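Per-entry structural report
Here is how the chains run, residue by residue.
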Amino acid sequence: MKIKDKYKGIFYIILAAFGFAFMNLFVKLAGDLPAIEKSFFRNLVAVFFAFTVMKKEKIPFTIPKGTGKYIFFRSLFGTIGIFANFYAIGKLYIADASMLNKLSPFFAIIFSYFLLKEKIKLYQFACVLTAFVGALFILRPGFDSVATFPAFIGLLGGMGAGLAYTNVRMATKLGARGPLIVFCFSVFSCVCAIPFIIFDHQPLTWWQLVSLLMAGLSATLGQFSITAAYTYAPASELSVYDYTQIVFAALLGMIFLGEVPDVISILGYLIICGAGIAMFLIRRKKEKDQTG
C-alpha cells in the first residue's frame, strides 16, 4: 500500500466521522419527532444517492447469487440499529449516543465468532470486555433510570450495526457491490418505516424538514466517504480514526446544543476509545511481525 493512499484513507475516514457527527446533530435539531419518522427521511435521501451512483457506475440492480440472505440481514439489522440509534440521539447527549453506537466493531467481533466461525484472539476478548466496562459508565444501570433506558436502546443500536457489518462482510466477499448494499438497506428501512409513519405521523415544520434532509445529506457524505476510505487502505489501518466522530459529536453538542458530558460519561468514552486504540495497535504489531 502506498503512503499517499494511506493518507487519503485517513482523510476520508475522518471526513466520514465528520459527516456522521453532523447527522446526529441534525437528527437532534429535528426535535421531538418519532425516531422512525426521522430515520425514514434520512434513508430516503440515501436511496436517491445510491440509485444515482449505481446508474452512473452501471451497477446492475440484481442481487448476486448467494448474497441475498446476507443483504437481507444487513438491511434488517441495520434498520433496527438506525431506529435504536435515532431514538437514543433524541433522549441522550449526541456524544453519548455516538459512543454507544461505536461499540459496533466490538459486537462485530463477537458475531463474527458465532456467524463466520472466526476465532477471537485473547487481546480481542480483553478489548471487548474493556469496552463493555466503559459502556456501563454511559449506561449507569440503577443510577439514573431516566438515562439508562435510552442508553440501553443506544447499546442495542450498536449491536444492530455490528450484526449489519458482519453481514456486509459476507455479502461483499461473495461479490455484492457497496452501492447496491446501501441501496437495498435504504429502501428496506424506508419500507419498514412507512406503517409506523401512517399510524403515528406527526406533521413537520419547515425547520424539521430541513434538519432531516440535512441529516440525510450528512449521512450520505459519511456513507460514501467511509466507502472511499476503505478503497485506499484496509480497516486495520483506519479503524482507530473512526473514533474522531466522538470528538466531533462532543464539540457540536457543546456549540449548538449546550451539551456538556459529565465526568462519568467522559471516563466511559476514554475506556471505550482506549480499548479500540489498543486493539488497533496490537493487531497492527502482529501483522507487522507476520510480514516481517
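Residues numbered from 1 in each chain as written. Predicted model: local features only at pLDDT ≥ 70, side-chain atom pairs only at ≥ 80, totals over all residues. Heavy atoms only, no water.

**Description of the overall build of the protein**
- Helices and strands together make up the secondary structure of the protein, namely 12 helices and 0 strands.
- Reading the secondary structure of the protein in the N-to-C direction produces α-α-α-α-α-α-α-α-α-α-α-α.
- What you see for the protein is a C-alpha radius of gyration of 19 Å, in line with the 19 Å of a compact globule of 292 residues.
- Dimensions of the protein, computed from C-alpha atoms along their principal axes, come out at roughly 60 × 50 × 35 Å.
- Nonlocal contacts in the protein, meaning residues at least 24 apart in sequence, comprise 88% of its contacts between residues at least 6 apart.
- By element, 72% of the accessible surface of the protein is carried by carbon and sulfur atoms, the whole surface being about 14600 Å².
- Taking the average location of the 27 positive side-chain charges in the protein and that of its 14 negative ones, the two points are 12 Å from each other. (Helix = DSSP H or I, 4+ residues; strand = E, 2+ residues; numbered from the N terminus. Rg over C-alpha atoms; globule rule 2.2 N^0.38 Å. Contact = heavy atoms within 4.5 Å. Areas by Shrake-Rupley, 256 points an atom, 1.4 Å probe, with all protein chains shown as cover. Lys, Arg positive; Asp, Glu negative; His and termini not counted. Charge placed at Lys NZ, Arg CZ, Asp CG, Glu CD.)

**What about the packing of aromatic side chains?**
- Scanning the model with the defined rule gives 16 aromatic pairs in all.
- Here a set of aromatic residues connected by ring pairs shows up, and it is made of Phe-18, Phe-22, Phe-26 and Phe-248.
- One residue, Arg-74, lies across the ring of Phe-185, its end atom 4.2 Å from the ring centre. (Phe/Tyr/Trp six-rings, centres within 6.5 Å; stacked < 30°, edge-to-face > 60°. Lys NZ or Arg CZ within 6 Å of the ring centre and 35° of its normal.)

**Re the packing of helix H3 (residues 68-91) against helix H4 (residues 94-101)**
- At a closest axis distance of 7 Å, the pairing of H3 and H4 adopts a crossing angle of 155°. On the basis of their axis angle, the class for H3 and H4 is roughly antiparallel. Handedness of the H3/H4 crossing: right-handed. Mapping the contact onto sequence places Asn-85, Ala-88 and Ile-89 in H3 and Ile-94, Ala-97 and Asn-101 in H4.
- The residue inventory of the contact of H3 with H4, partitioned by class, reads 4 nonpolar, 2 polar and no charged. (Axes fitted to C-alpha atoms, helices over the stretch in contact; angles between N-to-C directions. Parallel < 35°, antiparallel > 145°, perpendicular 65-115°, else oblique. Left-handed = near helix turned anticlockwise from the far one by under 90°. Nonpolar A, V, L, I, M, F, W, Y, C, P; charged D, E, K, R; others polar.)

**Some points on the pattern of salt bridges**
- Counted under the stated rule, the structure contains 4 salt bridges.
- Across the pair Lys-28 and Glu-259 runs a salt bridge, and its minimum N-O distance is 3.6 Å. Of this pair, Lys-28 sits in helix H1 (residues 3-29) while Glu-259 is found in the loop between helix H11 (244-257) and helix H12 (263-291), placing the two residues 231 residues apart along the sequence. (Salt bridge = Lys/Arg side-chain N within 4 Å of Asp/Glu carboxyl O.)

**Here we look at the packing of helix H2 (residues 35-56) against H3**
- Where H2 meets H3, the axes come as close as 9 Å, and the angle between the chain directions of the two elements is 120°. Taken together, the axis directions place H2 and H3 in an arrangement best described as oblique. Relative to H3, the crossing made by H2 is right-handed. Contact with H2, carried on its side by Ala-35, Ile-36, Lys-38, Ser-39, Arg-42 and Asn-43, involves Ile-82, Phe-83, Phe-86 and Tyr-87 of H3 and no other residues of that element.
- Along the lines of polarity and charge, the residues of the contact of H2 with H3 split into 6 nonpolar, 2 polar and 2 charged.

**Brief notes about the side chain of Asp-242**
- The topology assignment puts Asp-242 in the loop between helix H10 (235-238) and H11.
- Judged by relative accessible area, which is 13%, Asp-242 ranks as buried.
- Polar contacts involving the side chain of Asp-242 include one to the side chain of Lys-102, which spans 2.8 Å.
- Excluding residues that lie within four positions of it along the chain, Asp-242 makes contacts with Ile-13, Ala-17 and Lys-102. (Buried < 20%, exposed > 50% of the residue type's maximum accessible area, 1.4 Å probe, protein only. Polar contact = N/O pair within 3.5 Å; in protein donor to acceptor, adjacent residues only side chain to side chain.)

**Remarks on the side chain of Ser-112**
- Among the secondary structure elements, Ser-112 is positioned in helix H5 (residues 104-115).
- Of the residues examined, Ser-112 reaches a relative accessible area of 5% and is grouped as buried.
- At 2.7 Å, the side chain of Ser-112 forms a polar contact with the backbone oxygen of Ala-108.
- With near-sequence residues (within four places) excluded, Ser-112 lies in contact with Lys-117, Glu-118, Thr-166 and Arg-169.

Fair warning: the whole summary comes from geometry, so function is off the table for now.
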